[in-house]
Amino acid sequence: MASKKLSIKIITLFPKFVEDFVENFGIVKRAISLGLLKMEAVNLRLFGFGERQVVDDRPHGGGVGMVLRADVLYKAIRSAQLKVKSGKWKVILLTPQGKKFDQKMAQKLSKVDNLIFVCGRYEGFDERIRQFADEEISIGDYVLMGGELPALVISEAVMRLRPGILGKLESTENESFSTNYLEYPHYTKPEIWKVGKKSFRIPKVLLTGHHKNIEEFRKEESLKRTKKRRPDLLK
Ligand code: SAH
């Protein structure tokens with residue numbers, strides 16, 4: 001890894017999405033103050049044309065909705081790229097037509113020090129902007145109204161894999177998808193939890209303090225639930 005700092009720039013018409021995220025989460029704020037993370041919105045509006053800072057127009061050939069102009073997007077992308085101080089960067093276009101995001105992609109992206117996200121709105125982008133993107137990513141087979149939430153989803157999945165951003169207490173090693181298994185179930189206090197007449201207990205082995213048996217139990221549970229919930233992961 002070239003640098004200890006991950007820099008994220010999100011090109012958007014709604015910078016508040018990003019600003020709220022940055023200002024409201026303890027882990028994110030801590031990572032920023034430790035110099036491990038920089039995260040900012042790039043306001044697409046500032047690159048718009050004319051007094052009204054126009055960023056979109058009607059689709060050629062007709063049809064409903066508006067399309068973000070490639071020339072405006074290009075100016076914003078270039079401006080973000082020029083601000084990159086060091087290290088590799090990737091320009092990522094958010095689109096439901098992109099490659100479907102998963103933990104493996106998060107791991108790959110966590111090796112890149114500068115991520116530039118481009119959020120669409122309305123009907124999406126002028127097709128010609130695609131050639132200036134390194135990747136096109138979708139967060140799932142459904143259509144949202146803009147790329148802001150997808151950009152934040154990907155940013156969050158990536159940043160927690162960067163060294164130092166999560167505290168030592170939260171581990172990313174055994175968790176779901178980091179192997180091909182879902183993680184085992186967790187239990188905490190109380191040992192016996194009463195709801196009306198019902199009592200819910202925790203598996204006895206967890207109270208024995210017998211590390212080997214506990215590890216064995218967790219492995220079995222992990223396999224069992226993967227078979228039941230996500231057999232596709234085991235193929
Ligand atoms: N007309 C487009 C969808 C536009 S949705 C189409 O049919 O493909 C408006 C914007 O929201 C998109 O440009 C994209 O940036 C974002 N978006 C919507 N759903 C998304 C998803 N599943 N993953 C990533 N981005 C998405």
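See above for the structure.
Residues numbered from 1 in each chain as written. Predicted model: local features only at pLDDT ≥ 70, side-chain atom pairs only at ≥ 80, totals over all residues. Heavy atoms only, no water.

## Quick notes on the overall build of the protein
Part 1: Helix and strand counts for the protein come out as 6 helices and 9 strands.
Part 2: Taking the principal axes of its C-alpha atoms as reference, the protein extends roughly 70 × 40 × 40 Å.
Part 3: The buried share among the 235 residues of the protein stands at 39%.
Part 4: Relative to all contacts within the protein whose residues are 6 or more apart in sequence, the contacts with residues 24 or more apart total 73%.
Part 5: As presented, the protein carries roughly 15,100 Å² of accessible surface, and 54% of it is formed by carbon and sulfur atoms.
Part 6: Here the protein holds 44 positive side-chain charges and 29 negative ones, and the gap between their average locations is 5 Å. (Helix = DSSP H or I, 4+ residues; strand = E, 2+ residues; numbered from the N terminus. Buried < 20%, exposed > 50% of the residue type's maximum accessible area, 1.4 Å probe, protein only. Contact = heavy atoms within 4.5 Å. Areas by Shrake-Rupley, 256 points an atom, 1.4 Å probe, with all protein chains shown as cover. Lys, Arg positive; Asp, Glu negative; His and termini not counted. Charge placed at Lys NZ, Arg CZ, Asp CG, Glu CD.)

## As for the site of the ligand
Part 1: Contacts to the ligand come from 21 residues, most closely from Leu94, Gly120, Glu123, Tyr142 and Leu144.
Part 2: A distance of 3.0 Å is found between an oxygen atom of the ligand and a side-chain nitrogen or oxygen belonging to Gln97.
Part 3: Gly120 places a main-chain nitrogen or oxygen 2.9 Å from an oxygen atom of the ligand.
Part 4: Coverage of the ligand by the protein chains reaches 87% of its 560 Å² of free accessible surface.
Part 5: For the shell around the ligand, the elements supplying multiple residues, two or more each, are strand S5 (89-100) and strand S7 (135-138).
Part 6: Looking at which element gives the most residues to the shell around the ligand, the answer is S5, with 4 residues.
Part 7: Taken together, the residues of the shell around the ligand sort by class into 11 nonpolar, 8 polar and 2 charged. (Near = heavy atom within 4 Å. Polar contact = N/O pair within 3.5 Å; in protein donor to acceptor, adjacent residues only side chain to side chain. Nonpolar A, V, L, I, M, F, W, Y, C, P; charged D, E, K, R; others polar.)

## Remarks on a nonpolar patch on the surface
Part 1: Residues Phe14, Phe17, Tyr142, Leu144 and Leu149 make up a contiguous nonpolar surface patch of roughly 450 Å² in combined accessible area.
Part 2: Summarising the element assignment, Phe14 is placed in the loop between strand S1 (6-12) and helix H1 (15-24). (Patch = residues over 30% accessible without salt bridge, like charges linked within 9 Å, V, L, I, M, F, W, Y side chains within 5 Å. Salt bridge = Lys/Arg side-chain N within 4 Å of Asp/Glu carboxyl O.)

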